[in-house]
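Structure assessment
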Amino acid sequence: MSIADLIQTPDLVATAQQSAAWPFEEARKLVERVKRTGQKSVLFETGYGPSGLPHIGTFGEVARTTMVRNAFRILTEDKIPTRLLCFSDDMDGMRKVPDNVPNRDLLAEHLHRPLTRVPDPFGEFESFGHHNNAMLRRFLDTFGFEYEFASATDYYSSGKFDEILCRMAERYQAVMDIMLPTLGEERRSTYSCFLPISPTTGRVLYVPMKQVDGKNHTVTFADEDGSDVTLPVTGGHVKLQWKPDFGARWAALGVDFEMYGKDHQPNTVVYDSICNALGGVAPEHFVYELFLDDKGQKISKSKGNGITIDEWLKYASPESLALFMYSKPREAKKLYFDVIPRQVDDYLTFLEKFPGQIVKEQLGNPVFHIHGGQPPKVESISDAENHSTTVTFAMLLNLVAVANSEDSQVLWGFIRRYSSTVSAENHPGLAKMVGYAIAYYRDFVRPTKVYRAPTEQEQAALADLAKALAEHAGSTDGNALQAVVYEVGRAHFPDLSGKTKSPDGRPGVSQTWFATIYQVLLGADRGPRFGSFAALYGVNETCALIRKGLDGTLLSEHQQFLDSRA
RNA sequence: GAGCGCGUAGCUCAGCCGGUAGAGCAAUUGACUUUUAAUCAAUAGGUCCUGGGUUCGAGUCCCAGCGCGCUCACCA
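Structural notes, computed from the coordinates.

Rules of the game
- Residues numbered from 1 in each chain as written.
- Chains lettered and ligands numbered in written order.
- Predicted model: local features only at pLDDT ≥ 70, side-chain atom pairs only at ≥ 80, totals over all residues.
- Heavy atoms only, no water.
- Helix = DSSP H or I, 4+ residues; strand = E, 2+ residues; numbered from the N terminus.
- Rg over C-alpha atoms; globule rule 2.2 N^0.38 Å.
- Contact = heavy atoms within 4.5 Å.
- Areas by Shrake-Rupley, 256 points an atom, 1.4 Å probe, with all protein chains shown as cover.
- Lys, Arg positive; Asp, Glu negative; His and termini not counted.
- Charge placed at Lys NZ, Arg CZ, Asp CG, Glu CD.
- Pairing = 2+ DSSP bridges.
- Axes fitted to C-alpha atoms, helices over the stretch in contact; angles between N-to-C directions.
- Near = heavy atom within 4 Å.
- Polar contact = N/O pair within 3.5 Å; in protein donor to acceptor, adjacent residues only side chain to side chain.
- Salt bridge = Lys/Arg side-chain N within 4 Å of Asp/Glu carboxyl O.
- Buried < 20%, exposed > 50% of the residue type's maximum accessible area, 1.4 Å probe, protein only.
- Phe/Tyr/Trp six-rings, centres within 6.5 Å; stacked < 30°, edge-to-face > 60°.
- Lys NZ or Arg CZ within 6 Å of the ring centre and 35° of its normal.
- Expected span 1.5 Å × (residues − 1).
- Arc of directions from axis to C-beta.
- Core = buried A, V, L, I, M, F, W, Y, C linked by side-chain atoms within 4.5 Å.
- Right-handed = clockwise from strand over helix to strand, strands pointing away.

**Topic: the overall build of chain A**
Within chain A, the regular secondary structure consists of 26 helices and 14 strands. Whereas a compact globule of 566 residues would reach a radius of gyration of roughly 24 Å, chain A reaches 31 Å, over 25% beyond that. Excluding contacts between residues fewer than 6 apart, the proportion of contacts in chain A whose partners are at least 24 apart in sequence is 66%. Accessible surface for chain A amounts to roughly 26,200 Å². Of this, 50% is attributable to carbon and sulfur atoms. Across chain A, the centroid of the 60 positively charged side chains sits 3 Å from that of the 71 negatively charged ones.

Take a look at the structure:
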């Protein structure tokens, strides 16, 4: 693995011991833990509730946990084996039918059954739980995370949890003593750590226990038909309530590290106490802040607010999302579309800086953690004089807007003006970014455009412009075309202030002329040098654009576009 | 109320182990053969929330206060 090479880097391991980057700080806690317990391996866990599709928080947890794991491997020179377990609580009962799935009627009759016993509404997998698990895995694999998948249903029914379940029955009172004080009066009377699966209806039952037999490891309760039923706690007949489930899982698997959102924070003591009560050693924790939507509200799966992973990946790379997850995990950050361009460009900046940094700085550079210590080289382009530039997202967005084109070829045309040898083949990262910029433009920039109809005077000028340009059909000479723009402008919008002059000393052209062109034709106050634009966009196409501006087509098309989004 | 976090330029933020306050955008001026995607140069802009303390020295560490944000029923 790459970590093996990495730790050979002089001073890297020693410097890492001092690094203030948060993954190293968290990893140091684990190093201490290993020293304390003498354990020979370390287990990282992330939890996943499969009642819906994987969301952006799931990505954050796995990405951040991986960063800590890598930091730990460096600190320990990879001498302590590590594993990352992604645990899916797929035995959880389905509380409500999700809005975003087909065949909802079919699902309705399976409410409260374990997700792995609810049919897959997509008809592709053994169950809804299996379907969602598969989505999670596909998603994690897309990002190349190294992890092991674990299914709660599998762990419960195969007996992997039997030992801890028996211990829970034996120490039932101790666990209840931890739980009860945390509950409200009403809930206290019916609460149980065990949730039996009804043998008659197959539902997960939230019912009081009539008896918990610590010797025979059984529970007795009233089933849904009213009759008393006794079930063994083992073998998947019974699952655990949420908080006991956390503590029990940690104890059973020997989890050493698990992070979770701040909403869990008050429960940490409860989880840990239960884990200890069952003979386990509570793991190290890291509490991260929740994400906020555009209105400052916390993002939650149930509300469906904020932004999804798919949406982010429509406009930017996974790496930019990883950067967002790396930065300030303890701050409530807005996670919305408008943060995307900044993340992309910051990522590029960090990548660019990395090679020139000393080890200590590299360890604090986000790209170190995003790429497991080995970030790739940044793609840059060079002009004719060999000046190197990194094309930023902001630059591309600007470019798409002024080019007024969602055609990537037109954009490449502009880019090649700077560097003639650049292509999608030799700059795949840039090629992707061009696609992202077009998508971002279409969805966020284009809607803000405002076209207006030309005045009578402007109509005459624009008509003349189209006529004059038509004589240059086929030309790609930006300067010649720009001269045409000036010539027509001089006739209709001369600058009488005397401030501007043409090269041959004649009066210049009023600002109004250029404002007219941009406002009427591009729906913006500013734009590209029009001659260059026409050269790349095509003279005939430009003439057509002018005609559409004159007859009101641009106005109505934009209105249609806006209506189609409403 | 409790817990966590934040308060630095007009905006968004960086400032690692305490050592002369930084970046990007925005603004202003200029270069590039009149207007300009991308370039470059320059200028301007800050009581680092307040008050104490430690120190030769505090944006940075400690204490107190003020302001702001989020989380804290149930469910996971």
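**Quick notes on the sheet that holds strand β7 (residues 228-232)**
The three strands are arranged β5-β6-β7 in an open sheet whose pairing can be described as antiparallel. Each edge of the open sheet carries a strand with a single partner, namely β5 (211-213) and β7. The sheet shows a mean angle of 20 degrees between the axes of neighbouring strands, direction not considered. Alignment of strand β6 (residues 218-222) against β7, held across five bridges, turns out to be antiparallel. Each bridged residue has a counterpart across the sheet, and for Phe221 the counterpart in β7 is Val229.

**Describing the protein's contact with RNA strand B**
Around RNA strand B there are 42 residues in total, and Arg95, Lys262, Lys328, Gln511 and Arg529 lie nearest to it. The share of sugar and phosphate among atoms of RNA strand B within 4 Å of the protein is 56%. In the environment of RNA strand B, a phosphate oxygen lies 2.4 Å from a nitrogen or oxygen atom belonging to the side chain of Tyr206. Taking Lys262, its side chain carries an N or O atom lying 2.3 Å from a base oxygen of RNA strand B.

**Comments concerning the pattern of salt bridges**
Under the criterion given, the structure shown has 24 salt bridges. The salt bridge involving Arg73 is made with Asp78; its shortest N-O contact spans 2.9 Å. Its relative accessible area of 8% is what places Arg73 among the buried residues. The partner of Arg249 in a salt bridge is Asp245, and the shortest N-O contact between them spans 3.2 Å. Placement of both Arg249 and Asp245 in helix α11 (residues 242-253) is noted, with a separation of four residues, approximately one turn of the helix. Both residues of the pair, Arg249 and Asp245, count as buried. Connected through shared salt-bridge partners, Arg33, Arg36, Asp256 and Glu284 make up one network.

**What to know about the side chain of Lys239**
With respect to the helices and strands, the residue Lys239 is situated in strand β8 (residues 238-240). Beyond its immediate stretch of four places on either side in the chain, Lys239 contacts Asp89, Met91, Asp92, Tyr156, Cys193, Phe194, Leu195 and Val204.

**Some remarks on the sheet that holds strand β1 (residues 42-48)**
The strand order across the open sheet formed by five strands is β3-β2-β1-β9-β10, and the pairing between neighbours is parallel. In this open sheet, the two strands that pair with only one neighbour each are β3 (148-151) and β10 (284-288). Strand-to-strand twist in this sheet, taken as the mean axis angle between neighbours without regard to direction, amounts to 25 degrees. Strand direction decides the pairing type here: β1 and strand β2 (residues 82-88), joined by seven bridges, are parallel. Its bridge partner lying in β2, Gly47 is registered against Phe87. Lying on the sheet, helix α4 (residues 56-75) is in contact with β1, β2, β9 (257-261) and β10; it crosses β1 at an angle near 175 degrees.

**Overview of the packing of aromatic side chains**
Applying the stated rule across the entire model yields 26 aromatic pairs. Relative to Phe161, the ring of Tyr156 has its centre 5.1 Å away and its plane inclined at 75 degrees; by these criteria the two rings are edge-to-face. With relative accessibility at 1%, the residue Tyr156 sits in the buried group. The class for Phe161 is buried, based on a relative accessible area of 3%. Feature note: the residues Trp242, Phe246, Trp250, Tyr260 and Tyr271 constitute an aromatic cluster, connected by ring pairs. Cation over ring: Lys160 sits above Tyr155, and NZ or CZ is 4.4 Å from the ring centre. Sitting over the face of the ring of Phe324, Lys333 holds its NZ or CZ atom 4.0 Å from the ring centroid.

**With respect to the environment of Ser198**
Along the chain, the position of Ser198 falls in the loop between β4 (194-196) and β5. Considering only alpha carbons, one finds Ser198 and Arg113, 85 residues apart in sequence, at a separation of 9.1 Å. In this view, Ser198 contacts Arg203, Leu205, Asp223 and Glu224; residues no more than four positions away in its chain are not counted. Of the polar contacts made by the side chain of Ser198, one reaches the backbone nitrogen of Thr201; its length is 3.0 Å.

**What to know about helix α25 (residues 539-550)**
The terminal C-alpha atoms of α25 lie 17 Å apart, and with 12 residues this matches the ideal 16 Å at 1.5 Å per residue to within 8%. If you check which residues of α25 are buried, you get Val539, Thr542, Cys543, Leu545, Ile546 and Gly549. All buried residues of α25 project into a common sector of 155 degrees when viewed along the axis, lining one side. Downstream of α25 by one or two residues, Gly552 has phi in the positive range, about 85 degrees.

**What to know about the nonpolar core**
Counting 91 residues, the largest nonpolar core has Phe59 and Ile74 as its most contacted members. Top element by residues in this core is α4. It accounts for 10 residues. Within the second largest apolar cluster, 47 residues are counted, among which are Leu165, Val219, Phe221 and Tyr271.

**Some thoughts on the pairing of β9**
Along β9, five of the five residues are buried, which leaves the element largely enclosed by surrounding structure. In the sheet, β1 pairs with β9 via two bridges, with the strands oriented parallel. Directly across from Phe44, in β9, lies its bridge partner Phe257. In terms of strand pairing, β9 meets β10 through five bridges, oriented parallel. Bridged to Gly261 within β10 is Tyr288. Crossover connection from β9 via helix α12 (residues 268-277) to parallel β10: handedness right-handed.

**Examining helix α8 (residues 162-170)**
Within α8, burial applies to Ile164, Leu165, Cys166, Met168 and Ala169. Packing partners of the buried residues in α8 comprise α7 (152-157), α9 (172-179), β4, β5, β8 and α11.

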